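# A look at the structure
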Protein chains: 2
Amino acid sequence: MKITNKELQTKYVKLENKQVVLSGWVRTNRDQKSFGFLTINDGSTLDNVQVVYAEEDSDFETLRHIRVGAAVVVEGNVVVTPLNAQKYELRATNVAIAGDSPENYPIQPKRHTREFLREVAHLRVRTNLFNAVFRVRSKVAYAIHKFFQEQNFVYVHTPIITSNDGEGAGQMFNVTTFDLDKIPYNDSKEVDYSKDFFGKRTNLAVTGQLEAESYALAFSNVYTFGPTFRAENSNTLTHASEFWMIEPEMAFCDLKGDMKIMENMLKYLVKYSLKELRPELEFFDKFVSPGLITKLEAILKKPFARITHYNAIKLIHEASKNGVKFENVPAYGEDIGKEHEKFLTEKHFNGPVFVTNWPKEIKAFYMKLNKDNRTVAAVDLLVPGSGELCGGSQREEDYDKLVVRMKELNMSEKGLEWYLDLRKYGGCVHSGFGMGFERLIMYLTGVENIRDVLPFPRTPKNAEF
Amino acid sequence: MKITNKELQTKYVKLENKQVVLSGWVRTNRDQKSFGFLTINDGSTLDNVQVVYAEEDSDFETLRHIRVGAAVVVEGNVVVTPLNAQKYELRATNVAIAGDSPENYPIQPKRHTREFLREVAHLRVRTNLFNAVFRVRSKVAYAIHKFFQEQNFVYVHTPIITSNDGEGAGQMFNVTTFDLDKIPYNDSKEVDYSKDFFGKRTNLAVTGQLEAESYALAFSNVYTFGPTFRAENSNTLTHASEFWMIEPEMAFCDLKGDMKIMENMLKYLVKYSLKELRPELEFFDKFVSPGLITKLEAILKKPFARITHYNAIKLIHEASKNGVKFENVPAYGEDIGKEHEKFLTEKHFNGPVFVTNWPKEIKAFYMKLNKDNRTVAAVDLLVPGSGELCGGSQREEDYDKLVVRMKELNMSEKGLEWYLDLRKYGGCVHSGFGMGFERLIMYLTGVENIRDVLPFPRTPKNAEF
């Protein structure tokens with residue numbers, strides 16, 4: 001009977017002395033005089049299985065020489081070993097090499113630097129760290145769908161290739177089928193985009209929000225979950241050129257409703273992870289980010305704090321006067337930096353905090369103007385350890401106000417007529433937010449470099465694999 | 001108490017005479033002398049709610065003039081109406097207009113052509129047809145995740161921007177941050193890609209399979225579900241330039257195992273749809289594709305048929321001799337066309353059929369060469385009504401054979417060293433397949449044009465919204 005290690009973990013008692021077949025990759029092979037041990041990982045769980053083989057096995061010499069990295073198919077009996085950390089092992093009756101691995105296999109059982117492992121991103125997932133990271137990534141992606149689907153949100157695939165610049169800013173990747181050494185020009189010596197594949201200039205989407213709004217105004221509650229692109233030339237721990245985003249959008253929902261969903265979502269995902277990904281979180285707590293589980297459990301215990309941007313700046317000013325050291329103290333109307341996020345979440349509130357009502361100048365064109373005419377109904381969710389995790393807003397549903405704002409920002413209505421239509425035809429109060437999926441995974445695992453939570457990260461000068 | 005129509009459908013008996021608040025968009029407003037009827041859709045379900053308002057309401061005149069498309073917030077009492085098709089209605093106590101809609105609102109309650117509706121893709125989702133299509137799309141996407149996650153498959157986000165050409169063919173979109181009117185050249189007068197964002201030539205991925213293989217060789221069972229791109233200049237009912245694909249990949253799995261998962265998956269999705277999307281499927285059966293439900297129920301009843309490519313051609317030859325009319329009769333070794341798929345699935349087998357062991361010349365480089373040296377362990381799954389739904393293969397795990405095949409096809413190893421590594425280090429028998437998500441949705445709904453199952457379709461000369 002074919003079995004995975006995951007299945008063995010739950011059924012080993014019932015399977016005692018039964019013959020099973022388990023396939024996987026050799027992590028170590030320690031041979032002694034008359035017997036040896038293979039540790040095998042099949043990727044079904046973080047844990048390895050121990051396989052024991054003995055001298056009396058006819059192919060003892062072959063087994064002794066099985067190398068790290070080889071793919072093997074083990075037939076063996078389940079032995080219950082109550083005194084071992086893992087409560088069972090396999091006593092091999094036959095081991096077949098399904099795929100050999102030479103001596104120069106890069107993932108040897110020793111400590112490798114993360115930098116080295118990024119260079120072998122096609123193999124690094126065979127280490128404990130990346131096995132854990134990418135299982136968390138998979139299960140949490142599923143939990144996100146589960147959370148929204150359970151509440152009847154409709155999942156929308158917004159377009160990746162677009163002719164919009166969703167944020168009214170942002171550096172974008174061009175998409176073209178032109179041969180770059182044969183660009184066609186028109187009579188005015190401009191690039192003749194009418195000859196390009198889509199007949200116009202196109203780029204990779206920086207957000208799916210605008211299109212999601214269109215669907216929210218029909219389904220009431222929708223969400224996107226897809227890749228997003230920024231051609232920003234910055235090499236930081238938290239920026240990638242290609243990353244995944246979740247963008248829920250809700251009709252008949254104001255900023256308060258928006259925050260409620262954000263808070264419910266994050267608590268749901270943390271609870272789910274603590275329950276369904278316990279071995280992985282324990283691994284991260286032990287080897288990557290001590291205190292991780294305590295940090296995650298803490299946010300479940302109380303409602304998230306709320307403060308306006310104005311009052312947040314005031315707090316920072318007061319703290320600065322009272323001796324808290326900041327490299328920079330922002331003026332009212334300015335953005336807040338990482339050090340202030342840290343102060344708010346880790347010192348002042350000691351937990352997640354919503355910062356609301358931001359100065360309109362530092363936020364996007366589509367955000368709902370508050371009555372003070374200076375701030376917009378925007379919110380950032382800051383969390384201890386990671387800073388900003390989600391950003392959202394109520395959207396400007398007033399056609400005239402939106403047009404005025406676009407004019408102030410010298411934005412053209414051309415190409416966005418359809419977006420303005422959403423304010424003409426049954427437009428209503430609606431809100432949404434965006435959450436960077438990698439930020440979430442970094443928050444849940446404590447892994448500090450975004451390159452280590454993306455299977456094959458894309459960053460400036462790097463599109464390997 | 002705020003409520004959705006979906007919630008009302010299950011709770012109306014308990015809520016009789018209770019006051020509720022329901023928000024949505026007006027589909028029709030019929031006023032009579034002393035009372036009137038609003039039909040409201042809130043997107044939570046395909047059905048509308050009927051709202052009754054009466055002359056004695058102080059704002060009767062306002063209510064009478066509410067226009068189609070307006071967003072409204074209705075306060076009213078739940079009235080149980082056992083004789084009506086919908087078993088309940090709301091007796092309005094207050095109706096607030098949350099967003100007005102002018103007379104020229106494009107989605108009036110009459111028949112619109114699908115061509116017209118594509119031009120207003122930002123509003124078409126407010127019609128019954130597209131409400132149903134995109135709810136199916138959302139729920140089936142979720143069911144796909146559910147199917148794979150329940151079996152402990154790991155979901156992998158393979159890169160969208162890549163420097164590989166995964167299929168060894170395929171027309172691709174270039175991705176660049178160059179200003180197209182200032183392309184830099186090197187000393188040899190070639191485009192100087194070293195100055196581009198990623199320092200090399202990059203394009204949008206046509207498949208995630210190669211990267212998925214790398215993850216399968218660590219996790220055993222993985223799947224992708226993401227957007228895929230083809231710059232093919234073809235305007236057909238079934239081609240889009242941007243579409244979503246599901247690509248499962250399994251280690252220690254041969255072609256038989258591959259087919260088993262394909263069949264289990266399709267049956268799971270059909271069962272799920274028949275259960276969870278019943279009103280939508282009934283709508284399609286009635287208005288779009290008569291017989292749809294019978295067609296779907298039929299495939300659950302027996303195992304899928306299996307035939308080799310050679311024998312399929314033989315069948316076609318025999319049928320042709322026996323009077324079945326084909327526009328074209330393929331020779332052994334040639335591909336089969338839509339008319340042959342139709343013959344096999346709708347006439348000969350009367351159900352889904354796996355066609356296996358294809359001539360290597362018409363399949364991709366990575367497919368496992370059979371012992372005959374002429375065919376590869378590839379499979380297409382054909383279904384009645386839609387033809388090819390999935391295509392898969394066992395992958396060539398033999399390093400030397402893969403290199404030989406690449407040489408035969410004049411493929412460079414450069415950039416694919418990592419892919420070849422997967423054959424060096426613990427490579428083993430592994431298989432996978434791809435399913436176009438839109439093809440699946442067309443199959444499940446009977447909608448015949450791919451432009452009508454993509455929220456904002458991208459096709460040659462078309463990247464609106």
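Check the entry above for the structure.
A brief structural summary. Just so we're clear, the structure is a prediction, and the values are computed from it rather than from any experiment. (Residues numbered from 1 in each chain as written. Chains lettered and ligands numbered in written order. Predicted model: local features only at pLDDT ≥ 70, side-chain atom pairs only at ≥ 80, totals over all residues. Heavy atoms only, no water.)

### Describing the interface of chain B and chain A
What counts is decided by this rule: A contact between two residues is defined here by any heavy atoms of the two lying within 4.5 Å. Buried area: the accessible surface (1.4 Å probe) lost by two parts on joining, summed over both. By convention in these notes, a salt bridge is any Lys or Arg side-chain nitrogen within 4 Å of a carboxyl oxygen on Asp or Glu. A 3.5 Å cut-off defines polar contacts: any pair of N or O atoms within that distance qualifies, except that in protein one atom must be a possible hydrogen donor and the other a possible acceptor, and neighbouring residues in sequence count only when both atoms are side-chain atoms. Strands here are runs of E lasting at least two residues and helices are runs of H or I lasting at least four, both read from the DSSP assignment and numbered beginning at the N terminus. Nonpolar residues are Ala, Val, Leu, Ile, Met, Phe, Trp, Tyr, Cys and Pro. Charged residues are Asp, Glu, Lys and Arg, and all others, Gly as well, are polar. Pairing between two strands requires that DSSP report at least two bridges joining them.
Listed by partner, the interface residues are 113 residues for chain B and 113 residues for chain A. When the buried surface of chain B facing chain A is broken down by residue, B:His157, B:Leu180 and B:Tyr425 rank first, second and third, together holding 9% of it. Our enumeration of links across chain B and chain A arrives at 2 salt bridges. A:Lys200 serves as the salt-bridge partner of B:Glu464, at 3.2 Å between the closest nitrogen and oxygen. There are 43 residue pairs in polar contact (both at pLDDT 80 or more) connecting chain B and chain A. It is helix α4 (residues 128-150) of chain B that contributes the most residues to the side of chain B that touches chain A, 12 residues altogether. Partitioning the side of chain B that touches chain A into residue classes produces 57 nonpolar, 35 polar and 21 charged. With 3 bridges connecting them, strand β8 (residues 174-176) of chain A and strand β8 (residues 174-176) of chain B associate as antiparallel partners. Across the sheet, A:Thr176 pairs through a bridge with B:Asn174, a residue of β8(B).

### Notes on unusual backbone geometry
Excluding glycine, most residues fall at negative phi; most peptide bonds, likewise, are trans. Just so we agree on the cut-off: Partly exposed describes any residue whose relative accessible area lies between the buried limit of under 20% and the exposed limit of over 50%, with all areas from a 1.4 Å probe on protein chains only and scaled to the type maximum.
Although it is not a glycine, A:Lys189 adopts a positive phi angle of roughly 65°. Position of A:Lys189 relative to the elements: it lies in the loop between β8 and β9 (202-204). In this structure A:Lys189 comes out as exposed when scored by relative accessible area, which is 70%. In this model, B:Asn373 sits at a positive phi of 65°, which is unusual for a non-glycine residue. Its location among the elements puts B:Asn373 in the loop between β13 (353-359) and β14 (375-383). Of the residues examined, B:Asn373 reaches a relative accessible area of 48% and is grouped as partly exposed.

### Looking at the relation of the copies chain B and chain A
Heads up, the rule is: Only residues with pLDDT of at least 70 in both copies count here: their C-alpha atoms drive the least-squares fit that superposes the copies.
Between chain B and chain A, which share one sequence, the superposing operator has a rotation angle of 180° and an axial displacement of 0.0 Å; the RMSD is 0.0 Å. The two molecules are tied by a two-fold rotation axis, judged by turn and shift. Measuring from the rotation axis to each C-alpha of chain B, the shortest distance belongs to B:Val175, at 2.5 Å. Comparing interface residues between copies, 100% of those in chain B also sit at the interface in chain A, which points to an isologous, same-surface contact.

### Side note on the sheet that holds β8(B)
Hydrogen bonds between backbone groups are what pair the strands of a sheet, and the pairing can be parallel or antiparallel. Strand order in the open sheet made by the 6 strands is β7(A)-β9(A)-β8(A)-β8(B)-β9(B)-β7(B), with antiparallel pairing throughout. Both outer strands of the open sheet, β7 (161-162) of chain A together with β7 (161-162) of chain B, are each paired with one neighbouring strand and no more. Inspection of the sheet shows β8(A) paired to β9(A) by 2 bridges, in the antiparallel sense. Bridging from a neighbouring strand, A:Asn174 pairs with A:Asn203 of β9(A).

### Points about helix α11 (residues 399-408) of chain A
All names here are of chain A. The test is simple: As used here, the arc is the angular range of directions from the helix axis to the C-beta atoms.
Buried within α11 are the following residues: Leu402, Val403, Arg405 and Met406. Along the long axis of α11, the arc covered by the buried residues comes to 160°, so they all point the same way. Exposed residues pointing more than 90 degrees away from the buried face of α11 are listed as Asp400 and Lys407. Considering only its buried residues, α11 is in contact with α12 (417-424). Sitting at the head of α11, aspartate 398 places a side-chain oxygen 2.9 Å from the backbone nitrogen of aspartate 400.

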